[in-house]
Amino acid sequence: MSNNHIQIDAINPRIQYVADGTVTTFSYPFPILDSGDIKVYFDAAEQSGGYTVSNVGNNNGGDIEFSTAPSSGVVITIERVLDIKRLTDFLEGADFSADNLNNELDYLTMLIQQISQDQSTML
């Protein structure tokens, strides 16, 4: 995780596009902490490769660039998916880092956004 503090705005951590068969770059408008935080789907099939993720740690998100343009009509879903875990263990009497606290709170905020997104699709 980066030592730079990012801003976590009230934003949906998921975006969709419909491919046209020629475009290879699609943006994601939410911050991520690691390239592994991004999941990419063509229709409902998760993609395990064939793309690169740019601008990790950027407040405004970044881009997914595919090595080959997705087929025309394919629905591309890009979402931030985090493991539900704690990042830092604050020990009694140990140094207390504002950076570690900010990173922990950012991660928790992103998890809340993820859970909210998951809940919004339920009946």
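Note that the coordinates shown come from a computational prediction; the quantities given were computed from them, not determined experimentally.

Undergrad: Whenever I open this one, the overall build of the protein chain confuses me. Can you help?
TA: Per the secondary structure count, the protein chain includes 1 helix and 7 strands. Once the C-alpha set of the protein chain is aligned to its principal axes, its extents read approximately 60 × 35 × 25 Å. Considering the protein chain as a whole, with its 123 residues, one finds that 32% of them fall into the buried category. By sequence separation, contacts in the protein chain at least 24 residues apart represent 73% of the contacts at least 6 residues apart. Put simply, the protein chain shows about 7,400 Å² of open surface, and 48% of that area lies on carbon and sulfur atoms.

Undergrad: Explain the side chain of Glu 79 here, please?
TA: Residue position: Glu 79 is located in strand β7 (residues 75–80). Comment: no salt bridge for buried Glu 79; closest opposite-charge side chain is Arg 14, at 4.1 Å. What Glu 79 contacts, discounting residues up to four positions off in sequence, is Pro 13, Arg 14, Phe 30, Asp 37, Ile 38, Lys 39 and Tyr 41.

Undergrad: Honestly, the environment of Tyr 41 in this entry has me stumped. Any pointers?
TA: The residue Tyr 41 is located in strand β3 (residues 38–42) in this model. Here Tyr 41 falls in the buried class, since its relative accessible area comes to 19%. Spatially, the C-alpha atoms of Tyr 41 and Ile 76 are 5.6 Å apart, while their sequence positions differ by 35 residues.

Undergrad: Sorry if this is basic, but what is going on with the sheet that holds β7 here?
TA: Pairing between the strands of a sheet comes from backbone hydrogen bonds, and it takes one of two forms, parallel or antiparallel. Taken in spatial order, the 4 strands make up an open sheet running β1-β7-β3-β4, and their pairing is antiparallel. Bordering the open sheet on either side are β1 (14–18) and β4 (45–47), each of which pairs with just one other strand. Neighbour to neighbour, the strand axes of the sheet diverge by 25° on average, direction disregarded.

Undergrad: Would you take a moment to explain the pattern of salt bridges for this structure?
TA: A side chain with one charge may pair with a side chain of the opposite charge, provided their charged atoms come close. Evaluated as defined, the whole model comprises 1 salt bridge. A salt bridge links Lys 39 to Glu 46, with the nearest nitrogen and oxygen atoms 3.8 Å apart. A relative accessible area of 25% means that Lys 39 is categorised as partly exposed. Residue classification places Glu 46 among the partly exposed residues on the basis of a relative accessible area of 45%.

Rules used throughout
- As a convention, each chain's residues are numbered from 1 in the sequence order in which they are written.
- Owing to the predicted nature of the model, reporting of local features is limited to residues with pLDDT of at least 70; listing and counting of side-chain atom pairs is limited to 80 or more, with chain, interface and lining totals taken over all residues.
- Working from all heavy atoms in the structure, the side-chain values ignore hydrogens and water.
- Each helix is a run of H or I in the DSSP string that is no shorter than four residues. Each strand is a run of E no shorter than two, and both are numbered from the N terminus.
- Relative accessibility thresholds used throughout: buried, under 20% of the residue-type maximum; exposed, over 50%; partly exposed, between the two (1.4 Å probe, protein chains only).
- Working rule for contacts: check all heavy atoms of both residues, and any pair within 4.5 Å makes them a contact.
- Working definition of accessibility: Shrake-Rupley area with a 1.4 Å probe, residue cover restricted to the visible protein chains.
- Charge counting treats Lys and Arg as positive and Asp and Glu as negative, with His and both chain ends excluded.
- A side-chain nitrogen of Lys or Arg and a carboxyl oxygen of Asp or Glu constitute a salt bridge if their distance falls within 4 Å.
- A pair of strands is treated as paired once DSSP finds two or more bridges between them.
- Structural elements are reduced to axes, namely lines fitted to C-alpha atoms, with helices fitted over the stretch in contact, and the angle between N-to-C directions of any two is expressed from 0 to 180 degrees.

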